[in-house]
Amino acid sequence: MAVRDRDRFSTATRLRLLGEQTAARVYRSQTKRQARRSRLTGRAALLALVLCSLVVALAYPMRQYVSQRAQISDLQRQQEQARKRVEQLRDLKARWQDDSYAEQQIRRRLHYVMPGETGYVVIDPGAAKQSRADLRAARRPWYANVWDGVDKSDASDQ
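What comes next is a walk through the structure. Counting of residues starts from 1 at the beginning of each chain's written sequence and follows it residue by residue. Local features in this predicted model are restricted to residues whose pLDDT is 70 or higher, and side-chain atom pairs enter the listing and the counts only when it is 80 or higher, whereas totals over whole chains, interfaces and linings include all residues. To get the side-chain values, take all heavy atoms of the structure and skip hydrogens and water.

For the rest of this paragraph, the subject is helix α3 (residues 42-96). Taking 1.5 Å of rise per residue, the 55 residues of α3 would be expected to cover 81 Å, and the 81 Å separating its terminal C-alpha atoms lies within 8% of that figure. One axis is fitted to the seven residues ending at the residue and one to the seven starting there. The bend at that residue is the angle between these axes. Numbered from the N terminus, helices here are DSSP runs of H or I no shorter than four residues, and strands are runs of E no shorter than two. The axis of α3 is deflected most strongly, by about 35°, at A59, and proline P61 appears within four residues downstream. One less than the number of residues in a helix, times 1.5 Å, gives the span that helix is expected to have.

Shown next as structure tokens:
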């Protein structure tokens, strides 16, 4: 019994007992605290607030960035089309500077013939339909006919 009493009052035994009691108190306080504590802490709420404010702050600039990139790509496409059109017009200009091409176009479009040649005009059977269209054009106001002529010449250029 003397050994038991001595064990009971030894420093190591007291420390071990004190540690177990402290651990039990901490465990109990943690379980009580966890039961009361909500899942959303102050830090988490602050983090969520900061993230939401960043999303709101960056939404408009990102929308602007995307729309500007789309506009840039559209302008680049238009620029490439304009370059192709310029090349086509340069080729056409170079062709018209050739005398034989100009003569060929004058003969075809204006029905010119060289001296000593005989010109023939072949009448198309669809011409009667066209003459009816011309009669309808005569009944319309003059400015409508002018505008139709502009539209037809514009369509023939393309």
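A word on unusual backbone geometry. Even without a glycine there, the phi angle at H111 is positive, about 60°. Tracing the backbone through its elements, the reader meets H111 in the loop between α4 (99-110) and α5 (127-139). Each residue's exposure class comes from its accessible area (1.4 Å probe, protein chains only) as a fraction of the maximum for that residue type: buried when under 20%, exposed when over 50%, partly exposed otherwise. Residue classification places H111 among the exposed positions, given a relative accessible area of 64%.

Here we take up the pattern of salt bridges. A side chain with one charge may pair with a side chain of the opposite charge, provided their charged atoms come close. For this document, the term salt bridge refers to a Lys or Arg side-chain nitrogen within 4 Å of an Asp or Glu carboxyl oxygen. The tally for this structure, following the rule as stated, stands at five salt bridges. Residue E87 pairs with R90 through a salt bridge whose shortest N-O separation is 3.4 Å. Here R90 and E87 lie together in helix α3, a separation of three residues that amounts to about one turn. Overall, the relative accessible area of 42% leaves E87 in the partly exposed class. Relative accessible area serves as the criterion here: at 53%, R90 is assigned to the exposed category. Of the charged contacts, one joins R107 and E117 as a salt bridge, the two residues approaching to 2.9 Å between their closest N and O atoms. Here R107 is found in helix α4, whereas its partner E117 is found in the loop between α4 and α5, with ten residues between them in sequence. In this structure, a network of salt bridges that share partners links the residues E103, R107 and E117.

So, to be careful, I would describe these as geometric facts and stop short of saying anything about function.
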